[in-house]
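# Descriptive structure summary
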Amino acid sequence: MSLRVFNGCSAATMSAGEGYGLVENAAIAIEGGRVAWVGPAQDLPPEYADCPATDLGGALVTPALIECHSHLVFGGDRAQEFAMRLGGASYEEIARAGGGIRSTVKATREASNEELLASALVRVDDLLADGVAVIEVKSGYGLTVEQELRMLRVARSIEQHRPVRICTTWLAAHALPPGYEGRADDYVEEVAIAGLRQAHAEGLVDAVDAFCENIGFTPEQVRRVFETARELGLPVKLHAEQLSDLKGAVLASEFAALSADHLEFLAPEDAALMAKSGTVAVLLPGAFFTLRETQLPPVEALREHGVAMAVATDANPGSSPMSSLRLAMGMACTLFRLTPVEALAGATRNAASALGLSDEYGSIEAGKRAELAVWQVQHPDYLSYWLGGDLLRGRIVNGEFHER
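Residues numbered from 1 in each chain as written. Predicted model: local features only at pLDDT ≥ 70, side-chain atom pairs only at ≥ 80, totals over all residues. Heavy atoms only, no water.

The name given to the protein chain in an unreviewed UniProt entry is Imidazolonepropionase, with the source organism recorded as Qipengyuania gelatinilytica. According to UniProt, the comment filed for the protein chain under the heading Pathway (unreviewed entry) is "Amino-acid degradation; L-histidine degradation into L-glutamate; N-formimidoyl-L-glutamate from L-histidine: step 3/3." For the record of the protein chain, the UniProt heading Function (unreviewed entry) holds the text "Catalyzes the hydrolytic cleavage of the carbon-nitrogen bond in imidazolone-5-propanoate to yield N-formimidoyl-L-glutamate. It is the third step in the universal histidine degradation pathway." (UniProt positions renumbered as here; feature names shortened; annotations may be inferred.)

What follows is about the nonpolar core. Of all hydrophobic cores here, the largest spans 103 residues; its most connected members are Ile-135, Trp-170 and Trp-375. Not counting the four nearest positions on each side in its chain, Ile-135 is found in contact with Glu-67, Ser-70, Leu-72, Val-124, Leu-127, Val-164, Arg-165, Ile-166 and Cys-167. Counting 17 residues, the second-largest nonpolar core is a separate cluster that includes Ala-133, Cys-167, Leu-284 and Ala-352. (Core = buried A, V, L, I, M, F, W, Y, C linked by side-chain atoms within 4.5 Å. Buried < 20%, exposed > 50% of the residue type's maximum accessible area, 1.4 Å probe, protein only. Contact = heavy atoms within 4.5 Å.)

So, on to unusual backbone geometry. The backbone of Leu-143 sits at a positive phi, close to 60°, despite the residue not being glycine. Within the secondary structure layout, Leu-143 lies in the loop between strand 6 (132-138) and helix 5 (145-157). Judged by relative accessible area, Leu-143 falls into the buried class, the value being 1%. A positive phi angle, close to 65°, is found at Arg-337, a residue other than glycine. Here Arg-337 is to be found in the loop between helix 12 (325-336) and helix 13 (340-346). (Helix = DSSP H or I, 4+ residues; strand = E, 2+ residues; numbered from the N terminus.)

UniProt records the feature "binding site: 4-imidazolone-5-propanoate" (unreviewed entry) for Arg-78, Tyr-141, His-174, Gln-242 and Ser-319 in the present numbering. Position of Arg-78 among the secondary structure elements: in the loop between strand 5 (65-67) and helix 1 (79-86). The class for Arg-78 is buried, based on a relative accessible area of 4%. Not counting residues within four places of it along the chain, the set of residues in contact with Arg-78 comprises Gly-100, Ile-101, Ser-103, Thr-104, Pro-317, Gly-318 and Ser-319. On the secondary structure map, His-174 appears in the loop between strand 7 (165-173) and helix 6 (184-201). Setting aside residues no more than four positions away along its own chain, His-174 makes contact with His-71, Ile-101, Gly-140, Tyr-141, Leu-143, Phe-211 and Phe-217. For His-174, the side chain forms a polar contact with the main-chain oxygen of Gly-140, separated by 3.0 Å. (Polar contact = N/O pair within 3.5 Å; in protein donor to acceptor, adjacent residues only side chain to side chain.)

Counted at 1.5 Å a residue, the expected span for helix 4 (residues 113-128) with its 16 residues is 22 Å, and the 22 Å between its end C-alpha atoms agrees. Among the residues of helix 4, those classed as buried are Leu-116, Leu-117, Ala-120, Leu-121, Arg-123, Val-124, Leu-127 and Leu-128. Contacts from the buried residues of helix 4 go to strand 5, helix 3 (101-110), strand 6, helix 5, helix 12 and strand 14 (392-397). (Expected span 1.5 Å × (residues − 1).)

Here is the structure:
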C-alpha cells in the first residue's frame, strides 16, 4: 500500500474537543489513502522515517471542507427576484405570486440533463476552489417522480467529472407544484413517498429531507415521509424553523435526524431535544443574509445544550445564491456570532456528522480518509476572516498532493 509523509506544515486536526487541535511543525503520515499518524514532526514514529516525504513549505493543512446543505442542480436563475426583494417583497410574497421555488421548477423541467450538469459543475468548481471534498445535493426542483429522480441522477453523475464525493438527498416535499393546489396530502403520497420508494430501489438516495413550513409542508405530512424513510432504513434531515416555529426540530429530534437546518425560529428550549437525539444544527447564513432576515438562530442555546453546529452555503438560485463555503463561514461569524473555531468545525467535523460521515471525514485522525486541504495562510482564523480570494494551495486526495 502507498505510504507518504507530509511535513513542513501546521495542521488544524479538528479532532473532538475545544480549539483547532492545532499542531505546529506537523507531520502527517498517510497509508492506503487514509491518515496513519499525525503529530509534531519530531515525534514521527521510526517506521515512517524513510518514507517518501513532501515538504509543504509552512502551509496550513486542515480536513477538506464539507458542504452539507446545497441545492446545486437546477435550471435557470432567479436574479429578477433579487430586485423584487430589494423593493420590499418578502420570500413568502414572491412564492405566493408564483415565483420562488416554482419558477425554478419550470426552468429545471425545461433543461436537458446536459444543461443541468453543466450549470451544476460551475458551482461545484467554486466549492472545490474552497477546499471542499464532499457535497450534499438535494432534489426538490422537479416535483414529479421522474423529474425528482432525474435530478438525483444528474447529481450522482458529478462524481464522474470532478474529484468530489456527492451525497444525494430526496427533497420532493419541497413545494407544492401546479396541479396539486389544495391537495398536499395527495402530493405527499403520490410523489414524495412513491418517488422515495423508487429512488431507494434504484440506489439514488442517501438521505431524506422536507421543507416543514407554512409555505411548505405540515409536520403531519412530513411525519409520513419520515416514517417511509425509516421503513427504508434511510436517515432524515429537515428544513426547520426558517420562517416560523412549527416544531420541525422537535419532529426531527423524534426521528433522530442527522440535522435540522436553518433554525432561525427555533425555540431555545427545543435545543435540548436536538442535543439528546444527536441532531446537528445546520446554520445557513447565506439565506439569512439574502432574505434580510432579522430573527437570529438561538446560537447561545445551541452552545449551552452542546448541540453540534454545522455551516453550509444552502447554494440555490433564490434564497441563497452563493457557492463559497468559506464565505458562509465568515458570514456565520459576523451574522450569527460564531467563533472562527466554531465556523471551521461547522464546515468540517460537524458537517461530516450532518451527513452521517463522521467515521470517514471531518478531522485529521488516524483511520480517517486522507482528504485534506492545504492553505496559503498561517493560521486557521484566516479562513473565516478573509472574505473571498484564492487561499487554497491544493488538496491532498488519497495521499496524493494536487497543487492548484
